[in-house]
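Examining the three-dimensional arrangement
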Amino acid sequence: MANRPELLAPPEIFYDETEARKYTSSSRIVDIQAKLSERALELLALPEDGVPRFLLDIGCGSGLSGETISENGHHWLGLDISASMLNVAVEREVEGDLLLGDMGQGLGLRPGVIDGAISISAVQWLCNADKSSHEPRLRLKAFFGSLYRCLSRGARAVFQVYPENIKQRELILRQALQAGFGGGLVVDYPHSTKKRKEFLVLTCGSVQTSIQTGKNEHDEGCSEDDSSEDEESGMVSMSDRNRPKKRQKPNKEGKSREWMLRKKEQSRRKGNDVPADSKYTGRKRKSRF
Amino acid sequence: MRLITHNMLSCNIKGVTNGFPLRIEAGNVIKKEVDFNPDFIRHMFAKLEWKALVEGARSMGYAELPEDSPDAAVLESDESFLKKLHHALLELHLEEGALVCPETGRKFPVNKGIPNMLLHEDEV
């Protein structure tokens, strides 16, 4: 992709009327969205009892993913920030209800009402500060917090994302965990740059079920003892365990270079701007300092 | 927007504690038929706020729902009740109108069936 859309403009401006139409009439995009939505629905692991569920489609756009949900027999509610995209959805007479809203402002849904949530190619838009009043971390917090609340016990949220880089993916994951979600990353076709797709599967509540493994080029699940790197194995699981706090004893040796490097790394992980590590970091200064 | 969605929406403005249910100002309501699935209706019943649903339905011009939330026996056996619930939840569409926050009075306009829930900068 020449340029990432989220670097060009905020979503409600990028997806104007022309772009919305172009997006929806491109058969390639329609096809990709349908496949991604099918896979996301699969990863939702809804009970196979034939009872339709009520799902949330976050960043539903022109309703491409919503149509897949309807085809699978479920009812859905879609949220999107672009009025033009939603207008196209209305024209296509999608079966779900549509809301014009900003996921970074919180979802505004009552607790426990949603049976599952999917989001196709939308969550990465949250990581960009499109207005000076935006702070991506706060928006992600509002989004994941409100999502966690509105999901029913045992429900899942599956996001297909195109993270720009590792930092962005970590930011998204961290915010999700802080909101109380457990879960993991499922990567399909990890070795192919074209076909590689990432799905963040988040679980709610104490129901412990196994997260599916990602697909590899033979369309089988990847075995977990394949590769040791996070990028290559099908699954990375994480959970935020409550560690009992240890009482800190004051360190008699003072603050060593190692300690400094560790603290800087911690600060970087939080998202702060930290000067790069160099040979001067933690260097012994003259006694007058 | 249908009542199934209205029953889940609450006002998201910062500081609002009593933002549910949103009052419906109905401008234009249309009916669209949807296939009846009793399992889905029973599944959704547990999640509904009954009073909000009855009031919302009345604002949209449908007054056939009973005032009191029915008990489990009715849900299992009474198909005509399930059909009424189905009609109220899935077949009534608010095309034009507004949703009003009960605490602040802020209006969220509804156009072409889409409620505009975007908050202003100072409401977040």
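This text goes with the structure placed above it.
In this numbering scheme, every chain counts its residues from 1 along its sequence in written order. Each chain takes a letter, starting from A, and each ligand takes a number, starting from 1, following the order in which they are written. Local features are withheld for residues below a pLDDT of 70 in this predicted model, meaning they are given only at 70 or higher, and side-chain atom pairs are given and counted only at 80 or more; totals for whole chains, interfaces and linings count all residues. Water and hydrogen atoms play no part in the side-chain values, which are based on all heavy atoms of the structure.

Residues and elements named next belong to chain A. Any two rings among Phe, Tyr and Trp, with Trp reduced to its six-membered ring, count as a pair given centres within 6.5 Å; such a pair is stacked if its planes are under 30 degrees apart, edge-to-face if over 60, and tilted if neither. One pass over the structure, following the stated rule, counts eight aromatic pairs over all chains. Plain terms: the ring middles of Tyr148 and Phe181 are 5.1 Å apart, the flat faces sit at 90° to each other, and that makes the pair edge-to-face. Highlighted residues: Tyr148 in helix H7 (residues 136–150) and Phe181 in the loop between helix H8 (166–178) and strand S6 (182–188), separated in sequence by 33 residues. Buried residues are those whose accessible area, probed at 1.4 Å on protein chains only, stays under 20% of the maximum for their type, while exposed residues exceed 50% and partly exposed ones sit between those limits. For Tyr148, a relative accessible area of 23% gives the class partly exposed. On the basis of relative accessible area, Phe181 is assigned to the buried category, the value being 2%. Its end group placed over the ring of Tyr189, Lys195 keeps NZ or CZ at 4.6 Å from the ring centre. Each helix is a run of DSSP H or I of at least 4 residues and each strand a run of E of at least 2, with the numbering of both proceeding from the N terminus. Our definition puts a charge over a ring when NZ of Lys or CZ of Arg is within 6 Å of the ring centre and also within 35 degrees of the ring normal.

As a further point, take the pairing of strand S3 (residues 107–111) of chain B. Residues and elements named next belong to chain B. The two faces of S3 differ: Phe108 and Val110 on one face are buried, but Lys107, Pro109 and Asn111 on the other face are not. A pair of strands is treated as paired once DSSP finds two or more bridges between them. Relative to S3, strand S2 (residues 92–100) runs antiparallel, the two sharing four bridges. Its bridge partner being in S3, Leu99 is matched across the sheet by Phe108. Linkage of S2 to S3, two consecutive antiparallel strands, is achieved through a turn of six residues, within which Gly105 is found at a positive phi near 80°. Where S3 meets strand S4 (residues 114–115), two bridges bridge the pair, whose relative direction is antiparallel. Bridging across to S4, Val110 finds its partner in Pro115. Linking S3 back to S4 in an antiparallel pair, the connection comprises two residues, with Lys112 at a positive phi of about 50°.

Moving on, we get to the side chain of Gln124 of chain A. Residue and element names in this part refer to chain A. Along the polypeptide, Gln124 turns up in the loop between strand S4 (114–120) and H7. Judged by relative accessible area, Gln124 falls into the buried class, the value being 3%. When near neighbours in sequence (up to four residues on either side) are disregarded, Gln124 contacts Arg4, Glu6, Val161, Tyr162 and Gln168. Contacts are assigned to residue pairs with any non-hydrogen atoms lying within 4.5 Å of each other.

On to the sheet that holds S3 of chain B, then. Residues and elements named next belong to chain B. What the four strands build is an open sheet, ordered S1-S2-S3-S4; its pairing is antiparallel. Each edge of the open sheet carries a strand with a single partner, namely strand S1 (23–31) and S4. Together, S1 and S2 form the strand contacts of helix H5 (residues 79–91), whose direction differs from that of S2 by roughly 65°. Fitting a line to C-alpha atoms yields each axis, with helices limited to the stretch in contact; the angle taken between N-to-C directions then spans 0 to 180 degrees.

All names here are of chain A. Any carboxyl oxygen of Asp or Glu within 4 Å of a side-chain nitrogen of Lys or Arg constitutes a salt bridge here. Scanning the entire structure with this criterion turns up 21 salt bridges over all chains. Glu67 is the salt-bridge partner of Arg92, the closest N and O atoms lying 3.3 Å from each other. Here Arg92, found in the loop between helix H6 (83–91) and strand S3 (97–100), pairs with Glu67, found in helix H5 (residues 64–71); they are 25 residues apart in sequence, far enough to count as distant. What makes Arg92 partly exposed here is its relative accessible area of 29%.

At the junction of the two partners, chain B supplies 30 residues and chain A supplies 32 residues. Surface buried jointly by chain B and chain A totals about 2500 Å² across both partners, of which 56% is contributed by carbon and sulfur atoms. Values labelled buried area give the accessible surface lost by two parts on being combined, using a 1.4 Å probe and summing over both. A per-residue breakdown of the area chain B buries against chain A is headed by Met8, Lys47 and Ile114 of chain B, which together make up 24% of the total. On inspection of chain B and its partner chain A, the count reaches three salt bridges. Where Glu49 of chain B meets Arg110 of chain A, a salt bridge forms, and the shortest distance between an N and an O atom there is 4.0 Å. Polar contacts here mean pairs of N or O atoms no more than 3.5 Å apart (in protein, one a potential hydrogen donor and the other a potential acceptor; neighbouring residues in sequence count only if both atoms are side-chain atoms). Across the contact surface, chain B and chain A share 16 residue pairs in polar contact (both at pLDDT 80 or more). A total of four residues in the side of chain B that touches chain A trace back to one element, the largest contributor, which is helix H2 (residues 38–45) of chain B. Of the residues belonging to the side of chain B that touches chain A, the class tally is 16 nonpolar, eight polar and six charged. In the scheme used here, Gly and all other residues not listed as nonpolar or charged are polar, with Ala, Val, Leu, Ile, Met, Phe, Trp, Tyr, Cys and Pro taken as nonpolar and Asp, Glu, Lys and Arg as charged.

This paragraph deals with helix H4 (residues 27–44) of chain A. For a helix, the expected span equals 1.5 Å multiplied by the number of residues minus one. For H4 of chain A, with 18 residues, the first-to-last C-alpha span of 26 Å sits near the 26 Å given by 1.5 Å per residue. Looking one or two places after H4 of chain A, you find Ala45 of chain A, whose phi comes out positive at around 50°.

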